[in-house]
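Below are the chains, spelled out letter by letter.
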Amino acid sequence: VQVRLFARAREVVGARALELEVEAGATPASVFELLCRRAAGLAEMRRILRCAVDEEYVDWSAPLHDGAEVAFIPPTAGG
Amino acid sequence: MMGYLTRDPIDAAALMRELPGPADGALATFVGVVRDNQDGRAVLGLEYEAHEDMAERQLARLIEEARHRWPVSSVALRHRLGALGIGEVSVAIAVAAPHRNEALEACRWLIDTLKAQVPIFKKERYADGAAWIEADP
């Protein structure tokens, strides 16, 4: 899957985008756990992040298809 | 890209001039500008970042929804990305309609929903550092 990161989550991980190999049955939650192994500081952001798959907000337990774009969305602050 | 997001300065007056047609009696606008303080702390400037493709799609959908909910004639919207100084325009929304109530309500709903839903992120710069805004103001 393709992972997209923004704002402080991007800075904590040190990447805007990365590609991760995941098992069948992966979800945004399981992808997030994989990311936390790379960047320990990310875990505490979970409670403020939303997730989006292919540019739509979804539940953390949504199923992921091969090649899905998984974005972790920090609190929005436009305007 | 549908072009609601821009890295160039926003000309709010130009956006408004384009809108009202001959049957419109109201033009409601919201223009957000960069303020030099937040919670008593001096702010030197802002930086906006977005999930750009997702934000463009969501903004198109919000405008579509506003046009369904209220009998408005046309909507124009721009949101700035990148580094902004004090007094610069961060967002401009203009809604033209035959009458004022629908124009005002649609404009208010658009800015409120944009803030809550559209994946745009803001970093404040201070004299001694910078921070991403992660709580409702």
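Residues numbered from 1 in each chain as written. Chains lettered and ligands numbered in written order. Predicted model: local features only at pLDDT ≥ 70, side-chain atom pairs only at ≥ 80, totals over all residues. Heavy atoms only, no water.

Undergrad: Could you clarify how one ought to interpret the interface of chain A and chain B in this entry?
TA: Size of an interface, as often reported, equals the accessible area lost when the parts are brought together. Facing 25 residues of chain A, the contacting portion of chain B comprises 26 residues. The three residues of chain A that bury the most area against chain B are E55, A77 and G79 of chain A, which together make up 30% of that side's buried surface. Residue R61 of chain B is joined to E56 of chain A by a salt bridge in which the shortest nitrogen-to-oxygen separation is 2.6 Å. Linking chain A with chain B are 17 residue pairs in polar contact (both at pLDDT 80 or more). (Contact = heavy atoms within 4.5 Å. Buried area = accessible area lost by both parts, 1.4 Å probe. Salt bridge = Lys/Arg side-chain N within 4 Å of Asp/Glu carboxyl O. Polar contact = N/O pair within 3.5 Å; in protein donor to acceptor, adjacent residues only side chain to side chain.)

Undergrad: Just checking my understanding: could you explain the pattern of salt bridges for this structure?
TA: Pairing is possible between side chains of opposite charge, provided their charged atoms come close. Taken as a whole, this structure holds 14 salt bridges over all chains when the rule is applied. Of the charged contacts, one joins K123 of chain B and E11 of chain A as a salt bridge, the two residues approaching to 2.7 Å between their closest N and O atoms. With K123 of chain B in strand β9 (residues 120–126) and E11 of chain A in helix α1 (residues 7–13), this pair bridges two chains. Overall, the relative accessible area of 17% leaves K123 of chain B in the buried class. A relative accessible area of 38% means that E11 of chain A is categorised as partly exposed. Note that R41 of chain B and D128 of chain B form a salt bridge whose closest N and O atoms lie 3.0 Å from each other. Within this pair, whereas R41 of chain B is found in strand β4 (residues 41–42), its partner D128 of chain B is found in the loop between β9 and β10 (129–132), the two being separated by 87 residues in sequence. Residue D128 of chain B is classed as exposed on the basis of its relative accessible area, which comes to 61%. The network of salt bridges with common partners includes R8, E44 and R47 of chain A together with E134 of chain B. (Helix = DSSP H or I, 4+ residues; strand = E, 2+ residues; numbered from the N terminus. Buried < 20%, exposed > 50% of the residue type's maximum accessible area, 1.4 Å probe, protein only.)

Undergrad: What should I look at first to understand the confidence of the model for chain B in this one?
TA: A low pLDDT means the predicted coordinates there should not be read in detail. Summarising the model, chain B shows a mean pLDDT of 95, and 97% of its residues fall at 70 or more. Among the scores for the predicted complex, ipTM is 0.95 and pTM is 0.94. (pLDDT = per-residue confidence, 0-100.)

Undergrad: Looking at this model, I keep getting lost on the environment of E19 of chain A. Mind explaining?
TA: Residue and element names in this part refer to chain A. By the secondary structure assignment, E19 is in strand β2 (residues 17–19). Residues E19 and V3, spaced 16 residues apart in sequence, show a C-alpha to C-alpha distance of 6.0 Å. Polar side-chain contacts of E19 include one of 3.5 Å to the side chain of Q2.

Undergrad: Mind showing me how you'd approach helix α2 (residues 52–69) of chain B here?
TA: Each turn of an α-helix holds 3.6 residues, which means side chains three or four residues apart point in the same direction. Compared with an ideal rise of 1.5 Å per residue, which puts 18 residues at 26 Å, α2 of chain B spans 25 Å between its outermost C-alpha atoms and is within 8% of the ideal. Within the span of α2 of chain B, buried status applies to M54, A55, E56, Q58, L59, L62, I63 and A66 of chain B. (Expected span 1.5 Å × (residues − 1).)

Undergrad: Hey, could you run me through the sheet that holds strand β7 (residues 82–85) of chain B in this one?
TA: Consider a sheet: its strands pair through backbone hydrogen bonds, and that pairing is either parallel or antiparallel. Residue and element names in this part refer to chain B. Ordered by their spatial adjacency, four strands build an open sheet running β7-β5-β9-β10, and the pairing between neighbours is antiparallel. In this open sheet, the two edge strands, each paired with only one partner strand, are β7 and β10. Strand-to-strand twist across the sheet, computed as the mean angle between neighbouring axes with direction ignored, equals 25 degrees. The pairing of strand β5 (residues 45–50) with β9 spans six bridges and is antiparallel. Bridge pairing links E49 to F121 in β9. (Pairing = 2+ DSSP bridges. Axes fitted to C-alpha atoms, helices over the stretch in contact; angles between N-to-C directions.)

Undergrad: Sorry, what's going on with unusual backbone geometry here?
TA: Trans peptide bonds make up most of the peptide bonds, and negative phi angles are found at most residues other than glycine. Phi is positive for A7 of chain A, which is not a glycine, with a value near 50 degrees. What makes A7 of chain A buried here is its relative accessible area of 2%. Its identity as a non-glycine residue notwithstanding, D39 of chain B has a phi of 50 degrees, on the positive side. Residue placement: D39 of chain B occurs in the loop between β3 (37–38) and β4. By relative accessible area, D39 of chain B is classed as exposed at 74%.

Undergrad: Please explain the side chain of S74 of chain B as it appears in this structure.
TA: Residues and elements named next belong to chain B. Relative to the helices and strands, S74 resides in strand β6 (residues 74–80). With relative accessibility at 16%, the residue S74 sits in the buried group. For S74, the residues in contact, after removing those within four places along its chain, are L19, R67, A94, V95 and A96.

Undergrad: Help me out: how do you make sense of the pairing of β5 of chain B in this one?
TA: If a strand is regular, its side chains alternate between the two faces of the sheet. Residues and elements named next belong to chain B. Here β5 lies mainly inside the structure; five of its six residues are buried. Note that β5 and β7 share four bridges and pair antiparallel. Across the sheet, the residue bridging to G45 is G85, located in β7.

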